[in-house]
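Given next are the chains, with one letter for each unit.
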Amino acid sequence: MRLLLVEDDPLLGDGVQAGLGQAGFAVDWVRDGVAGELALKTEPYAAVILDLGLPRLTGLELLGRLRAAGNAVPVLILTARDAIADRVKGLDRGADDYLVKPFDLNELAARLRALIRRARGEPAPVMRIGALELDAAAHRVSFQGRPVELSPREFALLNELMWHAGRVLSREQLERQIYAWGEEVESNAIEVHIHHLRRKLQPELIRTIRGVGYLLPREPYD
Amino acid sequence: MTKPPRRFSVKRRLLFMLLAAVTAAWLITVLMSYRDARRQVDALLDAHLAQSAALLAAQVGEEFHERDEGEEEGEEIDADDLTHLHQYSRQVVFQIWQDGRQLLLHSANAPRERLAAQEKGFSDAVHDGERWRVFSLWSGAGRPLIQVGERHEVRDRIVGSITRHLLQPLLIALPGLAVLIWLGVTRALKPLTVLSAQITQRDSENLTPLEATEAPVEVAPLVESLNRLFARVRASLDDERRFTADAAHELRTPLAALKVQAQVAQAATTDSERRRALDNVIVGCDRAAHLVEQLLTLARLEPGRPGGHWQRCDLRALAAATLAELAPLALRKHIELELDPGPPAPVDGNPDLLRILLRNLVDNAVRYSPNSRVVRLVVTPERTRVALSVTDQGPGLAPEEREKVWRRFYRILGSGETGSGLGLSIVKRITDVHQATVSLDEGDHGQGLRVTVIFRHPEPA
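Residues numbered from 1 in each chain as written. Chains lettered and ligands numbered in written order. Predicted model: local features only at pLDDT ≥ 70, side-chain atom pairs only at ≥ 80, totals over all residues.

### Structural notes on the overall build of chain A
- When its secondary structure is counted, chain A shows eight helices and 12 strands.
- Every one of the 222 residues in chain A was classed for burial, and the buried ones make up 40%.
- Counting only contacts in chain A whose residues sit at least 6 apart along the sequence, the fraction spanning at least 24 positions is 58%. (Helix = DSSP H or I, 4+ residues; strand = E, 2+ residues; numbered from the N terminus. Buried ≥ 20, exposed ≤ 12 C-beta atoms within 10 Å, placed from the backbone. Contact = placed C-beta atoms within 7 Å.)

### Observations concerning the overall build of chain B
- Helix and strand counts for chain B come out as nine helices and 13 strands.
- The buried share of chain B, reckoned over its 461 residues, is 25%.
- Within chain B, contacts between residues separated by at least 24 positions form 65% of all contacts whose residues are at least 6 apart in sequence.

### Brief notes about the environment of Gly213 of chain A
All names here are of chain A.
- Note that Gly213 resides in strand β12 (residues 213–215).
- For the pair Gly213 and Glu172, spaced 41 residues apart in sequence, the C-alpha separation works out to 8.8 Å.
- Contact partners of Gly213, with chain neighbours within four places excluded, come to Val168, Leu169, Ser170 and Arg171.

### Details of the sheet that holds strand β8 (residues 140–143) of chain A
Residues and elements named next belong to chain A.
- The strand order β6-β7-β8-β9 describes an open sheet built from four strands, whose pairing is antiparallel. The two strands at the open ends of the sheet, each matched to only one other strand, are β6 (126–129) and β9 (146–148). The sheet shows a mean angle of 25° between the axes of neighbouring strands, taken without regard to direction.
- Where strand β7 (residues 132–135) meets β8, four bridges bridge the pair, whose relative direction is antiparallel. (Pairing = 2+ DSSP bridges. Axes fitted to C-alpha atoms, helices over the stretch in contact; angles between N-to-C directions.)

### Quick notes on the nonpolar core
- Counting residues in each nonpolar core, the largest one holds 69 residues, and the members touching the most others are Leu3, Val6, Ala47, Val48, Ile49 and Leu50 of chain A.
- If near-sequence neighbours (up to four positions away) are discounted, Val6 of chain A is found in contact with Val30, Gly33, Gly36, Val48, Ile49, Leu50, Asp51, Leu54, Gly59 and Leu62 of chain A.
- Membership of the second largest hydrophobic core comes to 38 residues, among which are Ala345, Ile356, Leu377 and Val453 of chain B. (Core = buried A, V, L, I, M, F, W, Y, C linked by C-beta atoms within 7 Å.)

### Things to note about the interface of chain A and chain B
- In this complex, chain A contributes 20 residues to the contact, which on the side of chain B involves 21 residues.
- Considering each element in turn, the side of chain A that touches chain B owes the most residues, nine residues, to helix α1 (residues 10–22) of chain A.
- Taken together, the residues of the side of chain A that touches chain B break down into 10 nonpolar, three polar and seven charged. (Nonpolar A, V, L, I, M, F, W, Y, C, P; charged D, E, K, R; others polar.)

### Some points on the packing of helix α4 (residues 220–267) of chain B against helix α5 (residues 271–300) of chain B
All names here are of chain B.
- Remark: α4 packs on α5, axes separated minimally by 8 Å, with the N-to-C direction vectors making an angle of 165°. Classified by the angle their axes make, α4 and α5 are roughly antiparallel. Read as a crossing pair, α4 and α5 show a hand that is left-handed. Contacts from Ala247, Glu250, Leu251, Pro254, Leu255, Ala257, Leu258, Gln261, Ala262, Val264 and Ala265 of α4 reach α5 at Arg274, Ala277, Leu278, Asn280, Val281, Gly284, Cys285, Arg287, Ala288, Leu291 and Leu295.
- Partitioned by chemical class, the residues of the contact of α4 with α5 number 16 nonpolar, three polar and three charged. (Parallel < 35°, antiparallel > 145°, perpendicular 65-115°, else oblique. Left-handed = near helix turned anticlockwise from the far one by under 90°.)

### A short note on the sheet that holds strand β2 (residues 26–30) of chain A
Residues and elements named next belong to chain A.
- With respect to topology, five strands assemble into an open sheet ordered β2-β1-β3-β4-β5, the strand pairing being parallel. The outermost strands of the open sheet, each flanked by one partner alone, are β2 and β5 (97–100). When the angles between neighbouring strand axes are averaged without regard to direction, this sheet yields 20°.
- Relative to strand β3 (residues 47–51), strand β1 (residues 2–6) runs parallel, the two sharing four bridges. Paired with Leu3 across the bridge in β3 is Ala47.
- Across the sheet, α1 touches β1, β2 and β3, and the angle it forms with β2 is around 170°.
- Contacts from helix α5 (residues 105–119) reach β1, β3, β4 (75–79) and β5 within the one sheet, and its direction differs from that of β5 by about 175°.

### Some points on the confidence of the model for chain B
Residue and element names in this part refer to chain B.
- Looking at chain B, the pLDDT average stands at 82 and 88% of residues meet or exceed 70.
- A low-confidence stretch, residues 68–72 (pLDDT under 50), is modelled with zero contacts involving residues beyond four sequence positions or located in other chains.
- Low pLDDT (under 50) marks residues 80–84, which in the prediction has four contacts with non-local residues, meaning those over four places away or in another chain. (pLDDT = per-residue confidence, 0-100.)

### Overview of the pairing of β2 of chain A
Residues and elements named next belong to chain A.
- Among the five residues of β2, five are classified as buried, and the element is accordingly described as predominantly covered.
- Residues of β2 alternate between two faces, with Ala26, Asp28 and Val30 on one and Val27 and Trp29 on the opposite face, all of them buried.
- As paired elements, β1 and β2 share five bridges and run parallel to each other. Paired with Leu3 across the two strands is Val27, which belongs to β2.

### Side note on unusual backbone geometry
- Backbone torsion omega between Lys101 of chain A and Pro102 of chain A reads -5°, so that peptide bond is classified as cis.
- Looking at the element boundaries, Pro102 of chain A is found in the loop between β5 and α5.
- A positive phi angle, close to 55°, is found at Gln144 of chain A, a residue other than glycine.
- For Gln144 of chain A, the position within the fold is in the loop between β8 and β9.
- Looking at Gln144 of chain A, the number of C-beta atoms within 10 Å reads 11, which means it is exposed.
- Notably, Asp128 of chain B is not glycine yet its phi reads approximately 55°, a positive angle.
- Note on placement: Asp128 of chain B falls in the loop between β4 (121–127) and β5 (130–138).
- The exposed category is assigned to Asp128 of chain B, around which 7 C-beta atoms lie within 10 Å.

### Details of the environment of Ile49 of chain A
Residues and elements named next belong to chain A.
- Examined against the element boundaries, Ile49 turns out to sit in strand β3.
- Given 28 C-beta atoms within a 10 Å radius, Ile49 is considered buried.
- When the C-alpha positions of Ile49 and Val27 are compared, they lie 9.7 Å apart, and in sequence the two are 22 residues distant.
- Not counting the four nearest positions on each side in its chain, Ile49 is found in contact with Leu3, Leu5, Val6, Val16, Leu76 and Leu78.

### Notes on the pairing of β4 of chain A
Residues and elements named next belong to chain A.
- Counting buried positions along β4 yields five of five residues, so the element is predominantly enclosed.
- Looking at chain direction, β3 and β4 are connected through four bridges and run parallel. Counted as the bridge partner of Val48 is Val75 from β4.
- Chirality of the crossover, the property in question, places the unit of β3, helix α3 (residues 59–68) and β4 among those that are right-handed.
- Relative to β5, β4 is paired through four bridges, and the arrangement is parallel. In the sheet register, Leu76 faces β5, and the bridge partner there is Asp97.
- Handedness of the β-α-β unit built from β4, helix α4 (residues 84–92) and β5 comes out right-handed. (Right-handed = clockwise from strand over helix to strand, strands pointing away.)

### Re helix α6 (residues 315–332) of chain B
Residues and elements named next belong to chain B.
- Under the 1.5 Å per step criterion, the end-to-end length of α6 is 26 Å for 18 residues, consistent within 8% with the ideal 26 Å.
- Where α6 bends most, the angle comes to about 50°, and this point is Leu326, followed within four residues by the proline Pro328.
- Every buried residue belonging to α6 is among Leu315, Arg316, Leu318, Ala319, Thr322 and Ala330, and all of these are buried.
- On the buried face of α6, the contacting elements are β7 (311–314), β8 (336–339), β9 (346–349), α7 (351–367), β10 (374–381) and β11 (385–391). (Expected span 1.5 Å × (residues − 1). Bend = angle between axes of the 7 residues up to and from the residue.)

Next comes the structure, spelled out in structure tokens:
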């Protein structure tokens, strides 16, 4: 899942990007509000992590513009200010959650997963499609009751396919969700990951729609 | 233990002074009345003596001629019948002397010897230890000498009585007056008592203005001064609180970065990933330490703490030392540090604070300059002042930003630099302490930023 991080502190931004990467997210990091607004216009993000004290365009201004434009992407605010008034202001401007610095990376990842789940109308933290189970928080996948070892990329790819089960996803769409900017993507990377997933799970689980993309049917074998 | 200072009571002092003044005025009045009464009584009784003598002379003159020579001398006349008219009449005596030597006639209460040696007019004499006032009348040889006398005691009694009557009301009025003054002063001082109670009752957090609606003219300025003091204390407390809150918030971001980087290191699956995160933890610690150091520097510079030992310093030598110290930092960014050569530049100040000032200015210039530029220091000793300027070739500051940078924790956002946001606040405080001025403008050719600090020329030693 691809996230946008808008944070001007170099050390914090770097750590959040690396940490959320470890948690299976693809994170794009921009350092000011204007760049954040631009990124949100061009890329479909699963969620946004927003610092408030930003150069050029403050976090709250960016949030206001985002909501005014009808963008419903989940937004989590990161800030050093913890007064109730500050939190209320942030939430009332359209933020979905709030974390005060210093925070725990695991909590940040969990809150982001919860936000994304809620935004997609998926109440259960563990997704099940047929015999396939994916626990995003625990980073675990099992098939027919057996645990399956997946690389972070394979996990992210399967996560995307399961989120959008029953829909065809193009190679570009999948790349966008599992790779952040600046990450090197081999031209056949998605094909390679799909190949590995099929081998580790079941060859016919992921269907290829030639010339369009890939599909994980809502009901396998249908 | 030091002795508590002796306090005086306004009430007691007022009471004492008012009573003393009233008593003094009264006593002066009594003294003047006494002297006036004495004079009047003397004049009146003297006139009475003279008149008595004249009456006697007229009466005796007749009889004297009717008498024969050789009659027994010293005939006594009982004056009782004549002088029953007044309580003081008894005190008046007379003697009639033939040729001044032979007592012809005298009143019963008169002494035997002559009342006075003097033969004409008023005189004072002493008989049997009593003072007498005597009037002598003698028309000349062959005529009888008439002397009328009166004890001084009479006059003393009259004047004494008058004086007593004047003094009595004072003795009665004084205690009453004291009570009235006490009550009046207590009442007048009540606003002070109320004020004192108001201040005693409030807790140390309460710095709201005192109510001064009922304060009299004399107390109102005190209340106003107190309220102004409260306002100042409140402002400085608010400032302090804001600073503490700001400082806490400013520490949160570096702490968050530290925690996140540490967690990344924990969860890292490769060595290079872990090493990178741990390196970042160290950078983060240095950054937090720098922020803490700057906070402490600023706290030490808080108003009311004059900075340490003052001495004559050579600003140029201090600048050279600072550049040497910061050279490694500049080298990493390939920034060239320059100090224009010139004569020593003496200023009066605290060398430690001046070093901090220089370090902050040069550090800022290096931090906000792109790589491979020049940071130039110029020290110019002039006749009345010493100017120090630090010029960089960085992005400079928009004019509207130049006022804001003096605020604590103000950072030029988007500069990509992680300064404490306190450097220029520290510079400002140090220049204030040295009564120097600091200003910002464009660098050479309208590029970069120039910070100019102007010190006063030191007094000749």
